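Structural description and commentary
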Amino acid sequence: MSRVKAAEKTSYHHGNLRDALVEEGMSLLETEGLKALSLREVARHTGVSQTAPLHHFAGKTGLLAAIAALGFRRLFEYRTAALKNKRDPRVRLMTVMLAYLEFAKAHPSLFYLMHGPEIPEKTTFPELDEAATRSYSVLETCVAEYLQATEGSAECSREATLAAWTACYGLAVILTSPQNTPRMVLRRDQMGIAEKIFEMFIHGLAQKD
């Protein structure tokens, strides 16, 4: 039996081939970019036959969805770790917004896959939909806590969360796309500027009509 076939058989035996393919896909994405990512390349780097990934994913889009789901799970973990031991609602909201931006800057290729057009309908992939929703819920919780503390009600938390996410996502796109980033931002402390922008947003969120 060839080394490739033996590795494939071992992976199947232990039931971890799918996870190995996703991890290898993640690695290729972050080191070589989306254009280099294919089922064939992932199989080759994992040490299995070219057809092996087709037993686990519905084509390349299925693989991309699994990688994106892993990305959202890691974003969830990153956000919850950043929030550890923080109690003040304002601090928690600022922290979770900055954590999103830090994650995007650290993993730009993954960030664009998670939010980009390569997966046209994310709800058709339950694993991805669940991971994205769970990650979003961290922001939603922090927004609701802040509104409850400042307004005495979280009635508008859904709309406020969408506004907060829009601020996070928009700034993340700007800071991960140098061609779209104002020169003054590129030359200065990007996270410091981000914090000032988020401070404006958070201050406005608490203003009564």
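Computed from a predicted structure; not experimentally measured.

Cut-offs applied
- Residues numbered from 1 in each chain as written.
- Predicted model: local features only at pLDDT ≥ 70, side-chain atom pairs only at ≥ 80, totals over all residues.
- Heavy atoms only, no water.
- Helix = DSSP H or I, 4+ residues; strand = E, 2+ residues; numbered from the N terminus.
- Buried < 20%, exposed > 50% of the residue type's maximum accessible area, 1.4 Å probe, protein only.
- Contact = heavy atoms within 4.5 Å.
- Areas by Shrake-Rupley, 256 points an atom, 1.4 Å probe, with all protein chains shown as cover.
- Salt bridge = Lys/Arg side-chain N within 4 Å of Asp/Glu carboxyl O.
- pLDDT = per-residue confidence, 0-100.

**Some remarks on the overall build of the chain**
Looking only at helices and strands, one finds ten helices and zero strands in the chain. Going residue by residue from the N terminus, the α and β elements of the chain occur as α-α-α-α-α-α-α-α-α-α. Residue burial in the chain is summarised as follows: out of 209 residues, 41% are buried. Contacts spanning at least 24 positions in sequence make up 70% of the contacts within the chain whose residues lie at least 6 apart. Surface exposure of the chain reaches about 11500 Å², of which carbon and sulfur atoms provide 54%.

**Regarding unusual backbone geometry**
One non-glycine residue, Asn85, adopts positive backbone phi at about 70°. Looking at the secondary structure, you find Asn85 in the loop between helix H4 (59-83) and helix H5 (89-106).

**A short note on the pattern of salt bridges**
Here the structure, examined in full by the defined rule, presents five salt bridges. A salt bridge links Arg18 to Glu127, with the shortest nitrogen-to-oxygen separation between them at 3.0 Å. Of the two residues, Arg18 is situated in helix H2 (residues 17-32) and Glu127 in helix H7 (residues 126-151); the sequence distance between them amounts to 109 residues. Since its relative accessible area comes to 27%, Arg18 is described here as partly exposed. Put simply, Glu127 and Arg73 hold a salt bridge, and the shortest N to O gap is 3.1 Å. A residue pair is termed long-range when its members are at least 10 positions apart, and Glu127 in helix H7 and Arg73 in helix H4 qualify at 54 residues. The class for Glu127 is partly exposed, based on a relative accessible area of 30%. Its relative accessible area of 30% is what places Arg73 among the partly exposed residues.

**Regarding the confidence of the model for the chain**
Per-chain confidence: the chain averages 88 in pLDDT, with 89% of residues scoring 70 or above. Mean pLDDT values over the elements of the chain span from 48, in helix H1 (residues 3-14), up to 97, in H5. With pLDDT under 50 throughout, residues 1-9 is counted as low confidence; its partners more than four residues away or in other chains account for eleven contacts.

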